[in-house]
Amino acid sequence: MVEWTAAERRHVEAVWSKIDIDVCGPLALQRCLIVYPWTQRYFGSFGDLSTDAAIVGNPKVAAHGVVALTGLRTALDHMDEIKSTYAALSVLHSEKLHVDPDNFRLLCECLTIVVAGKMGKKMSPEMQAAWQKYLCAVVSALGRQYH
């Protein structure tokens, strides 16, 4: 179990309050697929991902970015039970989809870049530290089935 201070909880909530899932989700997944092109292998059913423009204009990529970020948002309401909250998703991604668990970390890195770009100077180092702790807890929970 991850221990959270009151300040960390406030910081994570503050970051989420600035996130528009319908904007940041697609941007984060688009960035991930472009910056780390090997992650595209899990999205063969999404159609054309051959160019940056194709990825950015792909409605399936945008929709899955919203799904991924909506799922990530779930942890905010379950910060004291993140591992159990993501148990089923961990099983799905490991046993059915066979997703490399490092891809969760890559997507979270891209999300942090997107969020920091939107927040600018409002994302203090303390906020970023709490946000990174939150993302690491979720990534660990999603990768739990792989261990």
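Residues numbered from 1 in each chain as written. Predicted model: local features only at pLDDT ≥ 70, side-chain atom pairs only at ≥ 80, totals over all residues. Heavy atoms only, no water.

A. Up close: the packing of helix α1 (residues 6–17) against helix α8 (residues 125–143). Following both chains from N to C, one finds α1 and α8 inclined at 90°, their axes separated by 8 Å at the closest point. Relative to α8, the element α1 is oriented roughly perpendicular. Between α1 and α8, the contacting residues are E8, H11, V12, A14, V15 and W16 on the first element and E126, M127, A130, W131, K133 and Y134 on the second. Its residues placed into classes, the contact of α1 with α8 shows eight nonpolar, one polar and three charged. (Axes fitted to C-alpha atoms, helices over the stretch in contact; angles between N-to-C directions. Helix = DSSP H or I, 4+ residues; strand = E, 2+ residues; numbered from the N terminus. Parallel < 35°, antiparallel > 145°, perpendicular 65-115°, else oblique. Contact = heavy atoms within 4.5 Å. Nonpolar A, V, L, I, M, F, W, Y, C, P; charged D, E, K, R; others polar.)

B. Seen up close, the packing of helix α7 (residues 102–119) against α8. Contact geometry for α7 and α8: axes closest at 10 Å, N-to-C directions at 155°. Put simply, α7 runs roughly antiparallel to α8. Here α7 and α8 pass one another in a crossing that is right-handed. Residues F104, R105, C108, L111, T112 and M119 of α7 pack against M127, W131, Q132, L135, V139, L142 and G143 of α8. A breakdown of the residues in the contact of α7 with α8 according to their chemical character gives nine nonpolar, three polar and one charged. (Left-handed = near helix turned anticlockwise from the far one by under 90°.)

C. Here's a closer look at the pattern of salt bridges. Tallied over the full model, the rule gives five salt bridges. When the shortest N-O distance is used, the salt bridge between D80 and R9 registers 2.5 Å. With a gap of 71 residues between them, D80 in the loop between α4 (59–73) and α5 (82–85) and R9 in helix α1 connect regions that are remote in the sequence. Residue classification places D80 among the partly exposed residues on the basis of a relative accessible area of 39%. The residue R73 makes a salt bridge to D77 at a minimum N-O spacing of 3.4 Å. The class for D77 is exposed, based on a relative accessible area of 57%. (Salt bridge = Lys/Arg side-chain N within 4 Å of Asp/Glu carboxyl O. Buried < 20%, exposed > 50% of the residue type's maximum accessible area, 1.4 Å probe, protein only.)

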